[in-house]
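Examining the three-dimensional arrangement
One-letter residues, chain by chain:
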Amino acid sequence: MNKRKLKKAITRLLNLPKNQFFFLYLSNKLKTFYYKYTKSYKVAYPSNIMLELTNLCNLACTTCPRVYNYGIEMDKGNMTIENAKKTIDEVWPYLDSIGLTGLGETFFYRDISVIVDYIKAKNKGIIISISTNAMLPNFIELATKVVGKIDTIQISIDGLDDVYESIRVNASFKRLDENLKTMVELCKGTKTTLMLNMVVTKDNYFQMPELISYAENIGIDFLDFSQFNLAAVTNIDVSYYKFYQSKEFLDVLSEVEVAKNKTKKLAVNSNFKTGQGFKECPFPWSHFYVCWNGEVAPCCAKPFPKEKTFGNVFENKLIDVLNNQAYVNFRKAWFSNTTINFCKKCHFTSLQ
């Protein structure tokens, strides 16, 4: 368990649900264990979900599924406060964590603080995380409203200086740098931690060691390096994944390990483990993704309900959607390690 997960686990254990809700929480944990032990196709109520409050965004990043065919064709909008509360009302007694993030820029959702306060009023121990590009003109003003309430604010960076701006189209590294330094000061002495995330590609991998130094120097708590997932990227061949096994990449990864060992406060995660099939994927069982319009898509890598949806939580209970025949068939494919067409090109299934 890494440092960030350990911190979350301790926070959660100190703030479990009270009274009758504790027994709902505990019985659901036991049901989860039972289903796993018996290799059931069903699931209990999720302990973590992703609630996409908006899929609107101010950038056009080359690493984002929004800029490729699926994203161009998707419907766009915001979840209503009423529908967000409806979903939270159903699942909160069972939740350990919730991500209020999807394909959009989270702070485009003007009522984000209302939703955060609603969750914390249910149980202050529920871990809340969001992801942001930190590029809206009034970002600091908006973020100030939730600092101290949200547990983790993840900020996408994908490089430094010109490399950053070439990938995160319409963004400014100078403004990002200013906002990050301001956020570090805002979060000092609060329960909110900051994490930078870099989607590693052929265009920025060489900056990984430099980014470690940058993050530590400005006082960031966590830094995560993640692979470029091609599940929804329609114009790049799956052979791209071979890059993560190339000598030039592995040489830089060795430099990353050296830099990680030199850090003092900064915690760095850089897992580039390869996947060999559908059974490598955790999403049939956890981190269920609820789109802004209520549709339940397979995962955050390809949340496009026009292509595949298991049902709508605004029309049915979430637990019923998670255990309907379509989801059961999805998990049957997982047990047989049979990658369905929708999931091909994902790094969980396609790295060889």
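Residues numbered from 1 in each chain as written. Predicted model: local features only at pLDDT ≥ 70, side-chain atom pairs only at ≥ 80, totals over all residues. Heavy atoms only, no water.

Focus: the sheet that holds strand 2 (residues 97-99)
If you walk across this open sheet you meet the 9 strands as 7-6-5-4-3-2-1-8-9, and the pairing is mixed. The sheet is open, and its two borders are formed by strand 7 (267-269) and strand 9 (296-297), each paired with just one other strand. Where strand 1 (residues 48-51) and strand 2 come together, 3 bridges link them in parallel fashion. Within strand 2, the position partnered with M50 by the bridge is G99. (Pairing = 2+ DSSP bridges. Helix = DSSP H or I, 4+ residues; strand = E, 2+ residues; numbered from the N terminus.)

A short note on the packing of helix 4 (residues 81-91) against helix 5 (residues 112-122)
It is the contact of helix 4 with helix 5, at a shortest axis distance of 11 Å, that shows an interaxial angle of 25°. One finds that helix 4 runs roughly parallel with respect to helix 5. Judged by the sense of rotation from one axis to the other, the crossing of helix 4 with helix 5 is right-handed. Taken together, the residues of helix 5 that come into contact with helix 4 (itself represented by I81, A84, K85, I88 and D89) are V114, I115, Y118, I119 and K122. Its residues assigned to classes, the contact of helix 4 with helix 5 shows 7 nonpolar, no polar and 3 charged. (Axes fitted to C-alpha atoms, helices over the stretch in contact; angles between N-to-C directions. Parallel < 35°, antiparallel > 145°, perpendicular 65-115°, else oblique. Left-handed = near helix turned anticlockwise from the far one by under 90°. Contact = heavy atoms within 4.5 Å. Nonpolar A, V, L, I, M, F, W, Y, C, P; charged D, E, K, R; others polar.)

Considering the nonpolar core
Residues L51, L100, I157, M208 and F225 are the most contacted members of the largest nonpolar core, which totals 102 residues. Ignoring anything within four residues of it in the chain, the contact list for F225 reads M198, V200, M208, L211, I212, V256, V268, N269, S270, N271 and F272. In terms of nonpolar packing, the next biggest core, distinct from the first, is built from 8 residues, L103, A232, C291 and F304 among them. (Core = buried A, V, L, I, M, F, W, Y, C linked by side-chain atoms within 4.5 Å. Buried < 20%, exposed > 50% of the residue type's maximum accessible area, 1.4 Å probe, protein only.)

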